[in-house]
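# Remarks on the overall topology
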Amino acid sequence: MTETGRLDRILALEIARVTEAAAVAAARIRGRGDEWEADQAAVDAMRTELNRLPIDGRIVIGEGERDDAPMLFIGEEVGTKKGGIVDIALDPLEGTTLCVKNLPNSLAVIAFAERGSLLNAPDVYMDKIAIGPDFEPGLVGLDRSPADNIEALAQAKGVTPDRISACILDRPRHAKLIAEVRETGAAIQLIGDGDVAGVIHTTNPHETGVDIYLGVGGAPEGVLAAAALRCIGGQMEGRLVLDTPEKIDRARRMGISDPQEIYKLDDLAKGDVIFAATGVTSGNMLDGVKFSPGRIDTHTVVMRSSSGTIREIRARHTDLAKFERP
């Protein structure tokens, strides 16, 4: 246990190298319109850095399942095998479209956890709801209507519903949800991509203008967002969208027996969790990568659940060779 704790403290700093490398690789293609190239560059850089770490790592939330290689796939093993055993959730380029259009809030994101601490889910959609910390447990939930959740949050904050702002992915599937939220009088902040950042924004509404996150996005992003909330604080629920026999079968092979199960925050991510994100493009949470003659600047946040520590790392890199592709 002592050795694991010592390794975790090292990883709380070393993990930043992983997201920095992925962010810099993606940022080189920022604004160029090629989603495949940007995503592949981030994947390659993240894999290279992960394989340098002194861990025995297994990816449980990744870019896809094994048949999708050479992406960082679910079940892939990474690290030198000379350190602690960890499960890994990652998104080398959260908000790929944001990156290639040079829009805010594209990130490189990763989380480490003790083996068995992250929900091992298939790469499907997940219905999500999240709010920030300091509220009564169970204040909001997926088993209630959007109006009930908005009203409960407004009452807890001591305001009327028209003072609440909800973050929702701008997708046709959310037309009914958007209409129901607007009927309450609440405002909506629509985002094109990047729902990890969207969930995290609920933890600091004074800066982000987001009080609650609602809607369907990727399950991998749901687990990553839950890992962040484990460190910052907040509430979250998720339910996998298993709407075909094939998806139900894939989930069952991963140990998920109830397609309708609602996962609480501690079901999605529990135990000791380390989360890191580096900005690719500038946004509410992090500044994007900046390229200057002879140097690269990055902005990273690293969080650890067991200590409640949140570190912001503004790094100035002058050894540019470390960011070159092998």
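Residues numbered from 1 in each chain as written. Predicted model: local features only at pLDDT ≥ 70, side-chain atom pairs only at ≥ 80, totals over all residues. Heavy atoms only, no water.

### A word on the overall build of the protein
- When helices and strands are counted, the protein shows ten helices and 14 strands.
- Here the C-alpha atoms of the protein give a radius of gyration of 19 Å, agreeing with the 20 Å that 2.2 N^0.38 yields for 326 residues.
- Along the first, second and third principal axes, the C-alpha atoms of the protein reach 55 × 45 × 40 Å.
- Expressed as a percentage of the 326 residues in the protein, the buried residues total 55%.
- Considering only intrachain contacts with a sequence separation of at least 6, the fraction spanning at least 24 residues in the protein is 70%.
- Element-wise, carbon and sulfur atoms account for 47% of the exposed surface of the protein, whose accessible area totals about 14,000 Å².
- Side-chain charges in the protein split into 38 positive and 51 negative, and the spacing between the mean points of these groups amounts to 4 Å. (Helix = DSSP H or I, 4+ residues; strand = E, 2+ residues; numbered from the N terminus. Rg over C-alpha atoms; globule rule 2.2 N^0.38 Å. Buried < 20%, exposed > 50% of the residue type's maximum accessible area, 1.4 Å probe, protein only. Contact = heavy atoms within 4.5 Å. Areas by Shrake-Rupley, 256 points an atom, 1.4 Å probe, with all protein chains shown as cover. Lys, Arg positive; Asp, Glu negative; His and termini not counted. Charge placed at Lys NZ, Arg CZ, Asp CG, Glu CD.)

### Section: the nonpolar core
- Met236, Leu240 and Phe275 are the most contacted members of the largest nonpolar core, which totals 47 residues.
- The element best represented in this core is helix H8 (residues 219–232), accounting for nine residues.
- The contacts of Leu240, once residues within four sequence positions are left out, are Ala121, Pro122, Val124, Tyr125, Met126, Ala219, Ile256, Pro259 and Tyr263.
- Residues Ala38, Val43, Ile110 and Ile274 belong to the second largest nonpolar core, which totals 42 residues. (Core = buried A, V, L, I, M, F, W, Y, C linked by side-chain atoms within 4.5 Å.)

### Considerations on the sheet that holds strand E7 (residues 187–191)
- The strand order across the open sheet built from six strands is E7-E6-E8-E5-E9-E10, with neighbouring strands paired in mixed fashion. Edge positions in the sheet fall to E7 and strand E10 (263–264), since each has one partner strand and no second.
- As paired strands, strand E6 (residues 165–169) and E7 are joined by five bridges and run parallel to one another. Directly across from Cys167, in E7, lies its bridge partner Gln189.
- With respect to the sheet, H8 is in contact with strand E5 (125–131), strand E8 (212–218) and strand E9 (235–241), its orientation differing from that of E5 by roughly 25 degrees. (Pairing = 2+ DSSP bridges. Axes fitted to C-alpha atoms, helices over the stretch in contact; angles between N-to-C directions.)

### Re the side chain of Asp297
- Here Asp297 lies in strand E13 (residues 295–304).
- In terms of polar contacts, Asp297 uses its side chain to reach the side chain of Arg295, at 2.9 Å.
- When residues no more than four places from it in sequence are discounted, the contact partners of Asp297 are Gly288, Val289, Lys290, Ala315 and Arg316. (Polar contact = N/O pair within 3.5 Å; in protein donor to acceptor, adjacent residues only side chain to side chain.)

### A closer look at unusual backbone geometry
- Residue Asn102 is not a glycine yet carries a positive backbone phi of 55 degrees.
- Relative to the elements of secondary structure, Asn102 occurs in the loop between helix H3 (96–100) and strand E4 (107–114).
- We classify Asn102 as partly exposed; its relative accessible area is 46%.
- Positive phi outside glycine occurs at Asn105, with the angle close to 75 degrees.
- With respect to the helices and strands, the residue Asn105 is situated in the loop between H3 and E4.
- Owing to a relative accessible area of 13%, Asn105 belongs among the buried residues under this scheme.

### Points about the layout of surface pockets
- Space inside the largest pocket adds up to approximately 570 Å³.
- For the largest pocket, the lining is made up of 26 residues, of which Asp91, Glu94, Asp193, Gly218 and Glu221 are closest to its centre.
- Elements supplying a minimum of two residues to the lining of the largest pocket: helix H2 (35–50), strand E3 (84–94), H3, E8 and H8.
- The leading source of residues in the lining of the largest pocket is E3, at four residues.
- Here the residues of the lining of the largest pocket sort into eight nonpolar, seven polar and eleven charged. (1 Å grid on protein atoms, 1.4 Å probe; cavity = no way out; pocket = protein on both sides within 12 Å on 5 of 7 lines; lining within 4 Å. Points joined across faces, edges and corners; volume = space filled by probe spheres on them. Nonpolar A, V, L, I, M, F, W, Y, C, P; charged D, E, K, R; others polar.)

### Observations regarding the packing of aromatic side chains
- Across all of its chains, the model carries zero aromatic pairs by this definition.
- Sitting over the ring of Tyr125, Arg173 keeps its end group 4.5 Å from the ring centre. (Phe/Tyr/Trp six-rings, centres within 6.5 Å; stacked < 30°, edge-to-face > 60°. Lys NZ or Arg CZ within 6 Å of the ring centre and 35° of its normal.)

### A word on the environment of Glu151
- Within the fold, Glu151 resides in helix H4 (residues 146–157).
- Along the primary structure Glu151 and Arg115 are separated by 36 residues, whereas in three dimensions their C-alpha atoms are 38 Å apart.

### Some details on the pairing of E8
- Across the seven residues of E8, seven count as buried, placing the element largely inside the fold.
- For E6 and E8, the ladder comprises two bridges, and the chain directions are parallel. Looking at E8, one finds that Ala166 is bridged to Ile212.

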